[in-house]
Amino acid sequence: MLGRVNHVAIAVPDLVAAVASYRDTLGATVSAPQALPEHGVTVVFVELPNTKVELLEALGDGSPIAAFLEKNPSGGMHHICYEVADIIVARDRLVQAGARVLGNGEPKVGAHGKPVLFLHPKDFFGTLIELEQV
Ligand code: CO
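Worth saying up front: this structure is predicted, and the values here are computed from it rather than measured.

### As for the overall build of the chain
Alright, step 1. Counting secondary structure elements, the chain contains 3 helices and 9 strands.
Alright, step 2. Along the chain, helices and strands appear, N-terminal first, in the series β-α-β-β-β-β-α-β-α-β-β-β.
Alright, step 3. Projecting the C-alpha coordinates of the chain onto the three principal axes gives extents of approximately 45 × 30 × 25 Å.
Alright, step 4. Going through the 134 residues of the chain one by one, you find that 42% of them count as buried.
Alright, step 5. When contacts within the chain are restricted to residue pairs at least 6 apart in sequence, those whose partners lie at least 24 apart make up 56%.
Alright, step 6. Total accessible area on the chain stands at roughly 7400 Å², and carbon and sulfur atoms take up 56% of it.
Alright, step 7. In the chain, which carries 10 positive and 15 negative side-chain charges, the distance between the mean positions of the two groups comes to 6 Å.

### Regarding the side chain of glutamate 54
Alright, step 1. Counting through the fold element by element, glutamate 54 comes out in strand 5 (residues 52-58).
Alright, step 2. No salt bridge is formed by the buried glutamate 54, whose closest oppositely charged neighbour, lysine 52, lies at an N-O distance of 8.9 Å.
Alright, step 3. Setting aside residues up to four positions removed in sequence, glutamate 54 forms contacts with His7, Val8, Ala9, Ile10, Val43, Val44, Phe45, His79, Ala111 and Glu130.

### Brief notes about the environment of histidine 7
Alright, step 1. When you line up the elements, histidine 7 lands in strand 1 (residues 5-11).
Alright, step 2. The spatial distance from the C-alpha of histidine 7 to the C-alpha of isoleucine 65 is 17 Å, given a sequence separation of 58 residues.
Alright, step 3. Within the local environment of histidine 7, its side chain forms a polar contact with the side chain of histidine 79, the two groups lying 3.5 Å apart.
Alright, step 4. One polar contact links histidine 7 to glutamate 130, side chain to side chain, over a distance of 2.9 Å.

### Comments concerning the coordination of the cobalt ion
Around a metal, the perfect tetrahedron of four donors has angles of 109.5 degrees, and the perfect octahedron of six donors has angles of 90 or 180 degrees.
Alright, step 1. Protein coordination at the cobalt ion comes from His7 (NE2), Glu54 (OE), His79 (NE2) and Glu130 (OE), with a distance range of 2.0 to 2.3 Å.
Alright, step 2. For the cobalt ion, the 4 donor atoms in the first shell make angles of 85 to 173 degrees at the metal, so the coordination geometry reads as irregular.
Alright, step 3. Of note, the cobalt ion draws all its donor residues from one chain, in the sequence arrangement H-x46-E-x24-H-x50-E. Linking histidine 7 in strand 1 with glutamate 54 in strand 5, this pair joins segments that are 47 residues apart in sequence.
Alright, step 4. Overall, glutamate 54 belongs to the buried group, its relative accessible area being 5%.

### Observations concerning the pattern of salt bridges
Pairing between side chains becomes possible if they bear opposite charge and their charged atoms approach one another.
Alright, step 1. Evaluated as defined, the whole model comprises 5 salt bridges.
Alright, step 2. The partner of aspartate 92 in a salt bridge is arginine 91, with the nearest N and O atoms 3.0 Å apart.
Alright, step 3. Judged by its relative accessible area of 39%, aspartate 92 falls in the partly exposed class.
Alright, step 4. We classify arginine 91 as buried; its relative accessible area is 13%.
Alright, step 5. Three or more residues joined by partner-sharing salt bridges are found here, namely Arg91, Asp92 and Glu106.

Calculation criteria
Residues numbered from 1 in each chain as written. Predicted model: local features only at pLDDT ≥ 70, side-chain atom pairs only at ≥ 80, totals over all residues. Heavy atoms only, no water. Helix = DSSP H or I, 4+ residues; strand = E, 2+ residues; numbered from the N terminus. Buried < 20%, exposed > 50% of the residue type's maximum accessible area, 1.4 Å probe, protein only. Contact = heavy atoms within 4.5 Å. Areas by Shrake-Rupley, 256 points an atom, 1.4 Å probe, with all protein chains shown as cover. Lys, Arg positive; Asp, Glu negative; His and termini not counted. Charge placed at Lys NZ, Arg CZ, Asp CG, Glu CD. Salt bridge = Lys/Arg side-chain N within 4 Å of Asp/Glu carboxyl O. Polar contact = N/O pair within 3.5 Å; in protein donor to acceptor, adjacent residues only side chain to side chain. Donors = N, O, S within 2.8 Å, 3.2 Å for Na, K, Ca; no water. Tetrahedral: all angles 85-135°; square planar, octahedral: opposite > 155°, others 65-115°.

Bear in mind that shape data such as this cannot, by itself, settle questions of function.
Listed below in structure tokens is the structure:
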């Protein structure tokens, strides 16, 4: 069911500082910031030869990463995103297997303009999983 790792996401307290660190210190190519109010985050993508790293900063009140950043004030790995061919087929199979899909269970449009879903970290060894249909 799972395809490639689409990206690994890191929550950061200061996106400008994180971009500078990845671009200037690590020498990576970093995209322009993209505000995603529906997801409560601003994102940039670090482009790597084999995958991407998504840097996330909280956007607005009640951001889903606010509590994470409270527990991890200097930032930390937030989720891993796997590609799937059909997100509805994947969701139905996961729900049938007892996994919990976050939110109302319906895919939202993610940062790449494609449908995404998140799976409860307690069902997957403490790791928040994002599924993206490609
Ligand atoms: Co993501």
